[in-house]
Amino acid sequence: MSFFRFDIETITRSTGGSAVRRSAYQRCVKSECGKYDYSSHRDEYILHEVLLPEGVESRFLHPETLWREAERMERRPDSQLGRAIEISIPDEVPRCLCQKLAREILFPYVDHDFAVEYSIHRRRGIFKKDDNVRIHALVSTRQIGEEGFRLRKDRYFERRFLRKGRGSMLRKATAEVMNFFFLKNKVNAFVDHEKNELEETLAPSASQRILQEIKREMQGLKRHVEAGATASSYKKSLSLTATMFLLSQAQKKDGLNELCEAVGDLDERKFGP
């Protein structure tokens, strides 16, 4: 059974969120306005694509045009600007099938007339040799059609899947789509929407202080090795709390890899912009 991670977060203006920023993060680029720059993450980028319902103007295939218009439609200071989704891709999935898998997972959103931009990232953790491949998706909160984003929001999707206590329904539906994809493409993988549901939020459960401490330690180790010394000769200075947290992650599947991602993305919490 493969490890399954599914996270969904609403991007809101009141908390400093930005759909344009999230889009730049997903594409690992500097935004056209110059305000957001994620080009330093370019080595983990594989591909990106914008998916639109039939009949939508082709100009919305340009990510910044799409998300600037989405943000313009939202007038209130506490407006919801988009939904950020992160899904892990099992190691058993061939790289040539990752884009096809992403499209099948995200098609239901497009089928409900939402705009979707997704990218696929490959990140290599310090404690794990295998690539950690994930889908990062940004879904509009308004439906879009031939005349652009609709003035009235359709609350059905939100009521059906996103209200408190119902997030697991979307998680379950995603797992079912993935397992059907594995079956018809003869991929030897299976994901369980119940397994890892409580355990998957690994590193984010740690306090900012602990993560900052671990980040400093990892940077110190890196400088030590780059200077020509061996990793075993490095003198660690972690507190007992941070050490115990590291040990707890080492006992969980993908725990250390998740920790490395959280430490590396401290400036982009939660899981990205």
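None of the values given here were measured: they were computed from a predicted structure. (Residues numbered from 1 in each chain as written. Predicted model: local features only at pLDDT ≥ 70, side-chain atom pairs only at ≥ 80, totals over all residues. Heavy atoms only, no water.)

**Q** Describe the overall build of the chain, with residues and values.
**A** Within the chain, the secondary structure is distributed over eight helices and six strands. Helices (α) and strands (β) of the chain occur, in sequence order from the N terminus, as β-α-β-α-β-α-β-β-β-α-α-α-α-α. The burial tally for the chain puts 50% of its 273 residues in the buried class. In the chain, the share of contacts with a sequence separation of at least 24, taken over all contacts with a separation of at least 6, comes to 72%. As displayed, the chain offers around 14600 Å² of accessible surface, 50% of which is attributable to carbon and sulfur atoms. (Helix = DSSP H or I, 4+ residues; strand = E, 2+ residues; numbered from the N terminus. Buried < 20%, exposed > 50% of the residue type's maximum accessible area, 1.4 Å probe, protein only. Contact = heavy atoms within 4.5 Å. Areas by Shrake-Rupley, 256 points an atom, 1.4 Å probe, with all protein chains shown as cover.)

**Q** Any details on the nonpolar core? Residues and values, ideally.
**A** Grouped together as the largest cluster of nonpolar side chains are 32 residues, with contacts concentrated most on L106, Y118, I135 and F182. Counting residues per element, the ones that place at least two in this core are β2 (45-51), β3 (80-89), α3 (98-111), β4 (114-124), β5 (131-145) and α5 (167-184). Among residues more than four places away in sequence, those in contact with I135 are I85, E86, I87, I89, A102, I105, L106, Y118, S119 and I120. Judged by nonpolar contacts, the second largest core, of 21 residues, contains V56, L81, A115 and F149. (Core = buried A, V, L, I, M, F, W, Y, C linked by side-chain atoms within 4.5 Å.)

**Q** Help me get a handle on the pairing of β3, residues and values and all.
**A** With nine of its ten residues buried, β3 lies for the most part within the structure. Direction of pairing for strand β1 (residues 6-12) relative to β3: antiparallel, over a ladder of seven bridges. Residue E9 lies in a different strand from β3, and its bridge partner there is A84. In the sheet, β3 pairs with β5 via seven bridges, with the strands oriented antiparallel. Bridge pairing in β5 links I85 to A137. (Pairing = 2+ DSSP bridges.)

**Q** Please set out the packing of helix α1 (residues 19-27) against helix α2 (residues 63-72) residue by residue, giving values where relevant.
**A** Where α1 meets α2, the closest approach of the two axes is 8 Å, and the angle between their N-to-C directions is 155°. Comparing their axes, α2 and α1 come out roughly antiparallel. Considering the relative orientation of α1 and α2, their crossing is right-handed. Counted together, A19, V20, S23 and R27 of α1 and P63, E64, W67, R68 and E71 of α2 form the full contact between these two elements. Tallied by class, residues from the contact of α1 with α2 come to four nonpolar, one polar and four charged. (Axes fitted to C-alpha atoms, helices over the stretch in contact; angles between N-to-C directions. Parallel < 35°, antiparallel > 145°, perpendicular 65-115°, else oblique. Left-handed = near helix turned anticlockwise from the far one by under 90°. Nonpolar A, V, L, I, M, F, W, Y, C, P; charged D, E, K, R; others polar.)

**Q** Describe the pattern of salt bridges, naming the residues involved and giving the relevant values.
**A** Evaluation of the coordinates by the stated rule reveals 15 salt bridges. For R134, the salt bridge identified is with E86, shortest N-O distance 2.4 Å. With R134 in strand β5 and E86 in strand β3, the pair connects residues that are 48 residues apart, well separated along the chain. The two residues R134 and E86 agree in class, both being buried. (Salt bridge = Lys/Arg side-chain N within 4 Å of Asp/Glu carboxyl O.)

**Q** Could you give me a rundown of the side chain of E217, with the residues and numbers involved?
**A** Along the chain, E217 falls in helix α6 (residues 208-226). On the basis of relative accessible area, E217 is assigned to the buried category, the value being 9%. Not counting chain neighbours up to four residues away, the residues in contact with E217 comprise Y234, K235, K236, S237 and L238.

**Q** Break down the environment of P108 for me, citing the residues and quoting the values.
**A** Inspection of the secondary structure puts P108 in helix α3. Between the C-alpha atom of P108 and that of T174, which follows or precedes it by 66 residues, the distance is 9.8 Å.

**Q** Please set out empty space enclosed by the protein residue by residue, giving values where relevant.
**A** The tally for this structure, following the rule as stated, stands at one cavity of 30 Å³ or more. Considering the residues around the largest cavity, the lining is formed by A70, M73, E74, L81, S140, T141, R142 and F149. A total of three residues in the lining of the largest cavity trace back to one element, the largest contributor, which is β5. In terms of residue class, the lining of the largest cavity is made up of four nonpolar, two polar and two charged. (1 Å grid on protein atoms, 1.4 Å probe; cavity = no way out; pocket = protein on both sides within 12 Å on 5 of 7 lines; lining within 4 Å. Points joined across faces, edges and corners; volume = space filled by probe spheres on them.)

**Q** How would you sum up the pairing of β2? Please name residues and give values.
**A** Burial analysis of β2 places five of its seven residues in the buried class, the great majority of the element. In this sheet, β4 lies alongside β2 in antiparallel orientation, the contact comprising six bridges. In the sheet register, E49 faces β4, and the bridge partner there is Y118.

**Q** Now, about unusual backbone geometry: what can you tell me, with residues and values included?
**A** The backbone of D113 shows a phi angle near 75°, a positive value even though the residue is not glycine. Accessibility expressed as a relative area gives 25% for D113, which makes it partly exposed. At K186, a residue that is not glycine, the phi angle is positive and equals roughly 55°. Summarising the element assignment, K186 is placed in the loop between α5 and α6. Given a relative accessible area of 79%, K186 falls into the exposed group.

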